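# Residue-level structure breakdown
Next come the chains, spelled out residue by residue.
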Amino acid sequence: MDSGAITFAGPAAQAPRADETVDVPVVMPGLWECHGHFPGMALPDLEKEMSEPVAARAARATVDIAATLQGGVTSVREVGGLGIYLRSVVDEGSISGPTIYPAGGILSTTGGHADVHGLPLDWVLNGEGIGLICDGVPECLKAVRSNLRLGASVIKVCASGGVMSEVDHPIHQQFSHEELVAIVQEAARAERFVAAHCHGLPGILAALRAGVQTIEHGSYLDEEAADMMIAQGAIYVPTRFVIDTLLRQQDKLPRYAYEKGQMVADHQAAAMKLAIAKGVTIAMGTDIFVSGDLYGRNSLEIALLQDAGMTALEAIEAATANGPDTLGPQAPLSGQLKEGYDADVIAIDFNPLEDASGWGDPERVTHVWKAGMPVKAPE
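Below: a short report on this structure.

Conventions adopted
Residues numbered from 1 in each chain as written. Predicted model: local features only at pLDDT ≥ 70, side-chain atom pairs only at ≥ 80, totals over all residues. Heavy atoms only, no water. Pairing = 2+ DSSP bridges. Helix = DSSP H or I, 4+ residues; strand = E, 2+ residues; numbered from the N terminus. Axes fitted to C-alpha atoms, helices over the stretch in contact; angles between N-to-C directions. Buried < 20%, exposed > 50% of the residue type's maximum accessible area, 1.4 Å probe, protein only. Arc of directions from axis to C-beta. Core = buried A, V, L, I, M, F, W, Y, C linked by side-chain atoms within 4.5 Å. Contact = heavy atoms within 4.5 Å. Expected span 1.5 Å × (residues − 1). Phe/Tyr/Trp six-rings, centres within 6.5 Å; stacked < 30°, edge-to-face > 60°.

## Some words on the sheet that holds strand E14 (residues 373–376)
Spatial ordering of the open sheet is given by E1-E12-E13-E14, a layout of 4 strands whose pairing is antiparallel. The strands lining the two open edges of the sheet, one partner per strand, are strand E1 (26–29) and E14. Across the sheet, the mean angle separating the axes of adjacent strands is 25° when strand polarity is ignored.

## A few points about helix H3 (residues 83–91)
Inspection of H3 places Gly-83, Ile-84, Leu-86, Arg-87 and Val-90 among the buried residues, and these make up the whole buried set. One side of H3 carries all its buried residues, which in axial view fall inside an arc of 155°. Among the residues trailing H3, Gly-93 stands out with phi positive, at a value near 90°.

## A closer look at the pairing of E14
Relative to E14, strand E13 (residues 365–370) is paired through 3 bridges, and the arrangement is antiparallel. Note on E14: the bridge partner recorded for Trp-369 is Pro-374. In textbook terms, the turn of a hairpin is the stretch between consecutive antiparallel strands, and for E13 and E14 this stretch comprises 2 residues, one of which, Ala-371, has a positive phi near 50°.

## Quick notes on the nonpolar core
Within the largest apolar cluster, 74 residues are counted, with the highest numbers of intra-cluster contacts made by Leu-107, Ile-183, Ile-215 and Trp-359. What Ile-183 contacts, discounting residues up to four positions off in sequence, is Leu-107, Cys-140, Val-144, Ile-155, Val-157, Phe-175 and Val-194.

## Observations concerning the side chain of Thr-239
Relative to the helices and strands, Thr-239 is located in the loop between strand E10 (235–237) and helix H9 (240–246). With relative accessibility at 0%, the residue Thr-239 sits in the buried group. Among all residues touching Thr-239, those that are not within four sequence positions of it are His-35, His-217, Gln-268, Gly-285, Thr-286, Asp-287 and Glu-301.

## Brief notes about the environment of Gly-218
When you line up the elements, Gly-218 lands in the loop between strand E9 (214–217) and helix H8 (223–232). A C-alpha to C-alpha distance of 26 Å links Gly-218 and Arg-189, two positions 29 residues apart in sequence.

## What about the sheet that holds strand E3 (residues 73–78)?
Backbone hydrogen bonds are what pair the strands of a sheet, in a parallel or an antiparallel way. Pairing is parallel across the open sheet formed by 3 strands, whose spatial order is E2-E3-E4. The strands lining the two open edges of the sheet, one partner per strand, are strand E2 (31–36) and strand E4 (99–102). Averaged over all pairs of adjacent strands, the angle between strand axes in this sheet comes to 20°, irrespective of strand direction. Where E3 and E4 come together, 4 bridges link them in parallel fashion. Looking across to E4, one finds that Val-76 is bridged to Ile-100. Along the sheet, H3 makes contact with E3 and E4, crossing E4 at roughly 150°.

## Focus on unusual backbone geometry
With phi around 55°, Thr-239 is a residue other than glycine that occupies positive phi space. A positive phi angle, close to 65°, is found at Asp-287, a residue other than glycine. With respect to the helices, strands and loops of the structure, Asp-287 is situated in the loop between strand E11 (281–282) and helix H11 (300–307).

## Thoughts on the environment of Ile-84
Examined against the element boundaries, Ile-84 turns out to sit in helix H3. For the pair Ile-84 and Gly-104, spaced 20 residues apart in the sequence, the C-alpha separation amounts to 5.4 Å.

## Brief notes about helix H2 (residues 54–70)
Its 17 residues place the ends of H2 24 Å apart at the C-alpha level, agreeing with the 24 Å of an ideal helix rising 1.5 Å per residue. All of the buried residues in H2 are Arg-57, Ala-58, Ala-61, Asp-64, Ile-65, Thr-68 and Leu-69. The buried residues of H2 occupy one face: seen down the axis, they fall within an arc of 130°. With respect to the buried face of H2, the exposed residues turned more than 90 degrees away are Ala-55 and Val-63. Count one or two residues on from H2 and you reach Gly-72, which has phi positive near 100°.

## Observations regarding the packing of aromatic side chains
If you walk through the whole model with that rule in mind, you get 3 aromatic pairs. Here Trp-32 and Tyr-101 contribute two aromatic rings whose centre-to-centre distance is 5.3 Å and whose plane-to-plane angle is 15°, an arrangement assigned as stacked. Residue Trp-32 is located in strand E2, and its partner Tyr-101 is located in strand E4; the two are separated by 69 residues in the primary sequence. Residue class for Tyr-101 comes out buried when judged on its relative accessible area of 13%.

Pasting the structure below:
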C-alpha cells in the first residue's frame, strides 16, 4: 500500500519485500455502507430531534462516524444528514471516520417523507430539517443544483412516503413523473446518480421509469419492478437492518412510526427474497440514523442478506465491490483488493464464508486500514 492505493495483492510468496508485516486470520476490502445517515439524533423522532441545535447533533455525529469506521466500514454513501458538512472535517483528519460520499438535503415534496410534518412549514423551508422541499420542475432543478453547489456525490429523492414521517403513507407515490425525470436529468448533467427512497410499488415504478439508478428499501418491490431493475442495471439497497432494529424500539418510537414499520416489515422481507432470487444487483445499506451503539454494527446487514437467500460470498460482494457502483460516474476505485484500488482494508477474526455470526460485532473487526494508514489495531 502506497499513497493510499494498493500496490500489490496476491500470494505472500510473490509479495515485494516489506519492512513491516501484519499477520491476520482473514483480510478483505473495507466495507461500503450505501445507505447511511449522520444526523446526530439521540431519539428516533424527527420532530423532536430536528429542532435541536445543529452543533449538538454534529457533536453526536462525530462519535457515530468514528464508531462506523471502527466497525469496518471505510466508505459511506450518506443519503441525508450532516455528512455533507462533516466530510471535509474527516478528510482533513480532525475527526476519525470513513470516507463520506454525501447527498446533502433529501429532496421531498411538501408533506413528503423528508418534510417534518409536526413543525411549521416555514421552519422546514428555511432548511432547518433533513430535507429540501421542492414542488414542480423549477423547484426540483434548484434543489438538485443546491446540493451540487455543496459538492454532493449523489442526489437523494423521496419517491414514496415513509415510516418515520408522520402524515404520509409508505405506499403512496411522491413527485410526478415530470419532476422525477427533471431530477434525474439534472443530476446526470453533473454525472451524479439519483438514489430513490421507495417503499410502495407506485413510487418504485415511477422512479425506475424516470431513470433512477438505485432503489432504497423497496418494500413492495414485485417481479415487474425487479425485471425493470435488471434491464436498466439499477441497484437495490434493501436496508433490512433498520426494520429489524426499529421494531425492537417500540418504547422509543412515535406510535405512527412503529405501526408503519410493522406494516412494511413482512413485505420488505419478501421483496428482498424476490430480488435475490431474480438476480437483482444488491448493495449493502442499513439506514442507521439514531446515535448510539448501532453505529459500528453496520455489518449485521451482511448476515441479514444471507438470511434472505444470498450466499456468503454474494453478501460480501454486496458489502464491498458493489458499493462504489451506487455512485455511478463518481465511483472511486474501491471495494476490491486490487492493485491501484483504495487501500481501505480490514481484518476479521472469523471465516465469513463459513460463519456469519461475527457480522454486526465491531469487536470481531481486529484491524482497519484507511487509505493505507492503520486506524484500528489490537492494543
